[in-house]
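Structural overview for review
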Amino acid sequence: MDPSDFGKPPTHLAIIMDGNGRWAQQRMLKRIVGHQRGAETVKMVVEQASLLGIKYLTLFAFSSENWSRPVLEVRALMTLLKKYIRQETARMMRKNIRYNVIGNRSELPDDVNETLDGAIRETSGNTGMVLTLALSYGGRQEISMAAKRLTGDVLNGRLALDDITMEVFGSYLDTGGLPDPDFLIRTSGEMRISNFLLWQLAYTELYFTDINWPDFTINEFHKALNDFQSRERRFGKTSDQLNKRNSP
Ligand code: IPE
Ligand code: IPE
Ligand code: MG
C-alpha cells in the first residue's frame, strides 16, 4: 500500500505480540515454531511501519513475567532473539532504523546483551524510525526503579522535591525521551495490558484482534492502522471543543 493511502499514522505505535504458542499448538507444532513464525511477522511490521512514516515502534518481546516459563522455552527465545538481531541489523542500517531497548537488561544473558549492545552501537547514528524492544520488561518494575533513582537524586541534592513533575518523573523511566504511544495493538484475543508501559499508555488508543501474531498479515496491520484513523482523541475535552477550533 502506498503511504499516501493512509491519513496520519500514529507517531508511536506499541505492540503486544501475543499468540505464538497457541498458533503452534493448534497445528501440533512446538511452541518455539510459533515464535520463529512470529519473528517473520516482526520483520513485516518493522518494514511497513518504517515505510508508512511511523517514528517510534515499540515491541513487547519478552516480559519480566515470561522468566517463569519453562527453561527450555526461555532459552529458545533468547537464542531466537540473538539470531534475529544479528540477521536484521544490516537491514536496519539500510532502512535508517535505530535500535533501542527497555527493560531490566541485567537479567538478560551476557551473550544477548553483547549482541544488543553491538546492534545499538551500530545503528546509533540512524535518524529514521526508533525500534524499541521491550525485553525483560515490566511496567511496575520500571516505575519502581524510576522512583528509586529519582529518590536517590533528591537525597544527593541533584533534584529538589518541588521540581518533581509528571514530566520529570517520566524522564526517569526507561522510555525517557520517547513520546507516549498513540496506538497499542494486541493480538491473540487477550484483552489485557500484561504489565506493559503502564505509565505511558495513560491516553493510548487500544486495539485488540483475535488473530495470533504469526497470522498477523500486512492486511491486518493496515486494517488496524485504518481503525486508528477513525478514533477521536479527546484527552478529556468534549467533541464540540475539538471540532470548533475557537471554542473556549
Ligand atoms: C507471545 O506469544 C510471545 C511471548 C510472550 C514471548 P506467547 O508465547 O505468549 O503465545 P501464547 O499466548 O502462549 O499463545
Ligand atoms: C505478554 O504476553 C508479553 C509479550 C507479548 C512479550 P504474555 O503471553 O506473556 O501475557 P499474559 O501472561 O498471557 O498476560
Ligand atoms: Mg501469550
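Everything discussed here concerns the structure shown above.
A short tour of the structure in this document, coming up. (Residues numbered from 1 in each chain as written. Chains lettered and ligands numbered in written order. Predicted model: local features only at pLDDT ≥ 70, side-chain atom pairs only at ≥ 80, totals over all residues. Heavy atoms only, no water.)

1. A look at the overall build of the protein chain
Within the protein chain, the regular secondary structure consists of 8 helices and 6 strands. In terms of C-alpha radius of gyration, the protein chain reaches 19 Å, essentially the compact-globule figure of 18 Å for 248 residues. Looking at the protein chain residue by residue over its 248 residues, the buried ones come to 45%. Taking the intrachain contacts of the protein chain between residues at least 6 apart in sequence as the baseline, contacts between residues at least 24 apart amount to 75%. Element-wise, carbon and sulfur atoms account for 51% of the exposed surface of the protein chain, whose accessible area totals about 13200 Å². Positive and negative charge centroids in the protein chain, built from 32 and 30 side chains respectively, lie 3 Å apart. (Helix = DSSP H or I, 4+ residues; strand = E, 2+ residues; numbered from the N terminus. Rg over C-alpha atoms; globule rule 2.2 N^0.38 Å. Buried < 20%, exposed > 50% of the residue type's maximum accessible area, 1.4 Å probe, protein only. Contact = heavy atoms within 4.5 Å. Areas by Shrake-Rupley, 256 points an atom, 1.4 Å probe, with all protein chains shown as cover. Lys, Arg positive; Asp, Glu negative; His and termini not counted. Charge placed at Lys NZ, Arg CZ, Asp CG, Glu CD.)

2. Here's the deal with the site of ligand 2
If you check the shell around ligand 2, you find Ile16, Met17, Asp18, Phe60, Ala61, Phe62, Asn66, Arg69, Arg186, Arg192 and Ser194 and nothing else. In the model, an oxygen atom of ligand 2 is placed 2.8 Å from a nitrogen or oxygen of the Asn66 side chain. In the model, an oxygen atom of ligand 2 is placed 2.5 Å from a nitrogen or oxygen of the Ser194 side chain. Summarising the interface, the protein chains cover 79% of the accessible area of ligand 2, which totals 390 Å² for the free molecule. Take the shell around ligand 2: its biggest share by element is 3 residues, from strand β2 (residues 56–63). Across the shell around ligand 2, the residue classes tally to 5 nonpolar, 2 polar and 4 charged. (Near = heavy atom within 4 Å. Polar contact = N/O pair within 3.5 Å; in protein donor to acceptor, adjacent residues only side chain to side chain. Nonpolar A, V, L, I, M, F, W, Y, C, P; charged D, E, K, R; others polar.)

3. Quick notes on the packing of helix α3 (residues 71–94) against helix α4 (residues 110–123)
It is at 10 Å that the axes of α3 and α4 come closest, and there the two elements cross at 10°. Between α3 and α4, the crossing angle belongs to the class labelled roughly parallel. Note that α3 runs across α4; the crossing there is left-handed. Across from Met78, Leu81, Lys82, Ile85, Arg86, Thr89, Met92 and Met93 in α3, the residues of α4 making contact are Asp111, Val112, Thr115, Leu116, Ala119, Glu122 and Thr123. (Axes fitted to C-alpha atoms, helices over the stretch in contact; angles between N-to-C directions. Parallel < 35°, antiparallel > 145°, perpendicular 65-115°, else oblique. Left-handed = near helix turned anticlockwise from the far one by under 90°.)

4. Notes on the site of ligand 1
If you check the shell around ligand 1, you find Met17, Asp18, Gly19, Asn20, Gly21, Arg22, Arg31, His35, Ala61, Asn66, Arg69 and Leu77 and nothing else. Between ligand 1 and Gly19 there is a distance of 3.4 Å, counted from an oxygen atom to a backbone nitrogen or oxygen. A distance of 2.9 Å separates an oxygen atom of ligand 1 from a polar atom in the side chain of Arg31. Coverage of ligand 1 by the protein amounts to 88% of the 380 Å² it exposes when considered alone. Of all the elements in the fold, those that place two or more residues in the shell around ligand 1 are α1 (20–26) and α2 (31–51). Ranked by the residues each element gives to the shell around ligand 1, the list is headed by α1, at 3 residues. Counted by class, the shell around ligand 1 contains 3 nonpolar, 5 polar and 4 charged residues.

5. Points about helix α7 (residues 218–229)
For α7, which comprises 12 residues, the first-to-last C-alpha distance of 17 Å matches the rise-based estimate of 16 Å (1.5 Å per residue) to within 8%. Looking only at α7, the buried set comprises Glu220, Phe221, His222, Ala224, Leu225 and Phe228. Against β1 (12–16), α2, β5 (183–186) and β6 (205–208) lie the buried residues of α7. (Expected span 1.5 Å × (residues − 1).)

6. Some details on the pairing of β1
Burial within β1 is extensive, with 5 of its 5 residues counted as buried. Side-chain alternation along β1 places His12, Ala14 and Ile16 on one buried face and Leu13 and Ile15 on a second face that is also buried. Sheet topology note: the β1/β5 ladder contains 4 bridges and is parallel. Residue pairing in the sheet places Ile16 in a bridge with Arg186 of β5. (Pairing = 2+ DSSP bridges.)

7. Let's talk about the side chain of Asn126
Within the secondary structure layout, Asn126 lies in the loop between α4 and β4 (130–137). Accessibility expressed as a relative area gives 11% for Asn126, which makes it buried. Within polar-contact distance, the side chain of Asn126 engages the backbone oxygen of Met92 at 3.5 Å. When sequence neighbours within four positions are dropped, the list of residues in contact with Asn126 reads Met92, Met93, Asn96, Ile97 and Arg98.

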